Amino acid sequence: MKTRRLVSLALLVALSVSLHYVEGFIPMPMVPGYHLGLSNLVNLFALYYYGIPSYLFVVIARVFLSALITSGFGPSFFLSLGGSLLSIIATIAISRLVRGSIYSTSAFSALFHSVGQLVAYALFFQTPFIFVYLAFLGPLSIVTGLVIAFLDHFLVKRLPKSYRSEEKKRRKA
């Protein structure tokens, strides 16, 4: 891995952790437990600007570093990990297998993150009734995913292509 790319990914991880931390201070009184997913701005950017390996690195590093900084490795870590793992699967499937747009990738990623968190919650606390909450979280996640995709689409188009990974350069040619 080249030094410039490594430094860029480290900065993306730091930005993702920072956004995740700041997001914890934004109250969502209408839907308890719901977050905007601001760190997904960085995750989606890493996917579309640097590629899948970099995306995986940024997401997994953010989950573990956020746990170290904020709550430790308790229930919230497992909720975040469960949501992130299912989101990773959905993101890679939509973006690479189906060749979905940045909008569909982000919307499905956000939706599957919520589903993954609910699965982790149901397993951790042994209650299947939590899936009723998906009726509220699902639409909110999709809307938030679309907004994040809009912002990332704008950002990826505006940044110079010279910093993209070699994989992305070969794919474009």
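The rules we used
Residues numbered from 1 in each chain as written. Predicted model: local features only at pLDDT ≥ 70, side-chain atom pairs only at ≥ 80, totals over all residues. Heavy atoms only, no water. Helix = DSSP H or I, 4+ residues; strand = E, 2+ residues; numbered from the N terminus. Rg over C-alpha atoms; globule rule 2.2 N^0.38 Å. Buried < 20%, exposed > 50% of the residue type's maximum accessible area, 1.4 Å probe, protein only. Contact = heavy atoms within 4.5 Å. Areas by Shrake-Rupley, 256 points an atom, 1.4 Å probe, with all protein chains shown as cover. Polar contact = N/O pair within 3.5 Å; in protein donor to acceptor, adjacent residues only side chain to side chain. Core = buried A, V, L, I, M, F, W, Y, C linked by side-chain atoms within 4.5 Å. pLDDT = per-residue confidence, 0-100. 1 Å grid on protein atoms, 1.4 Å probe; cavity = no way out; pocket = protein on both sides within 12 Å on 5 of 7 lines; lining within 4 Å. Points joined across faces, edges and corners; volume = space filled by probe spheres on them. Expected span 1.5 Å × (residues − 1). Phe/Tyr/Trp six-rings, centres within 6.5 Å; stacked < 30°, edge-to-face > 60°.

## Notes on the overall build of the protein chain
Scanning the protein chain from N- to C-terminus turns up seven helices and zero strands. Since a compact globule built from 173 residues should have a radius of gyration of about 16 Å, the 16 Å found for the protein chain is in line with a globular shape. Principal axes of the C-alpha set define a box for the protein chain whose edges measure 50 × 30 × 25 Å. Counting all 173 residues of the protein chain, 42% fall into the buried class. Pairs at least 24 residues apart make up 70% of the contacts formed inside the protein chain by residues separated by at least 6 positions. Carbon and sulfur atoms provide 74% of the accessible area of the protein chain, an area that totals close to 9700 Å².

## Some remarks on the environment of R62
Here R62 is to be found in helix α3 (residues 52-69). Between the C-alpha atom of R62 and that of Y34, which follows or precedes it by 28 residues, the distance is 18 Å. The residues touching R62, leaving out its near neighbours within four places in the chain, are V13, S16, V17, H20, S39, S80 and S84.

## Side note on the side chain of T91
Of note, T91 is situated in helix α4 (residues 75-97). Within polar-contact distance, the side chain of T91 engages the backbone oxygen of S87 at 2.7 Å. Among residues more than four places away in sequence, those in contact with T91 are L47, Y55, T105 and S109.

## Notes on the nonpolar core
Burial of nonpolar side chains together is a common tendency in soluble globular proteins. Counting residues in each nonpolar core, the largest one holds 23 residues, and the members touching the most others are L12, L44, F45, L47, Y48, Y50 and V58. If you list the elements that add at least two residues to this core, you get α1 (3-23), α2 (39-50), α3 and α6 (134-158). It is α2 that contributes the most residues to this core, nine residues altogether.

## Section: the confidence of the model for the protein chain
On average, the protein chain scores 87 in pLDDT, and the residues at 70 or more come to 92%. Confidence, expressed as mean pLDDT per element, reaches its minimum in the protein chain at helix α7 (residues 166-172) with 48 and its maximum at α3 with 94.

## Section: the layout of surface pockets
A volume near 960 Å³ is recorded for the largest pocket. Taken together, 45 residues line the largest pocket, and the ones lying closest to its centre are H20, G33, H35, H113 and Q117. Broken down by secondary-structure element, the contributors of at least two residues to the lining of the largest pocket are α1, α2, α3, α4, α5 (102-125) and α6.

## Some remarks on α5
An ideal rise of 1.5 Å per residue puts 34 Å on 24 residues; α5 measures up with 34 Å between its terminal C-alpha atoms. Positive phi appears at Q126, one or two residues downstream of α5, with a value of about 50°.

## Remarks on the packing of aromatic side chains
Applying the stated criterion across every chain, the model contains 13 aromatic pairs. When the centroid spacing of 4.8 Å and the interplanar angle of 75° are considered together, the rings of F73 and F77 count as edge-to-face. Geometrically, the ring pair formed by F124 and F125 is edge-to-face, given 5.0 Å between the ring centres and 75° between the ring planes. Note on F124: relative accessible area 41%, which makes it partly exposed. Classification of F125 by relative accessible area gives partly exposed; the value is 41%.

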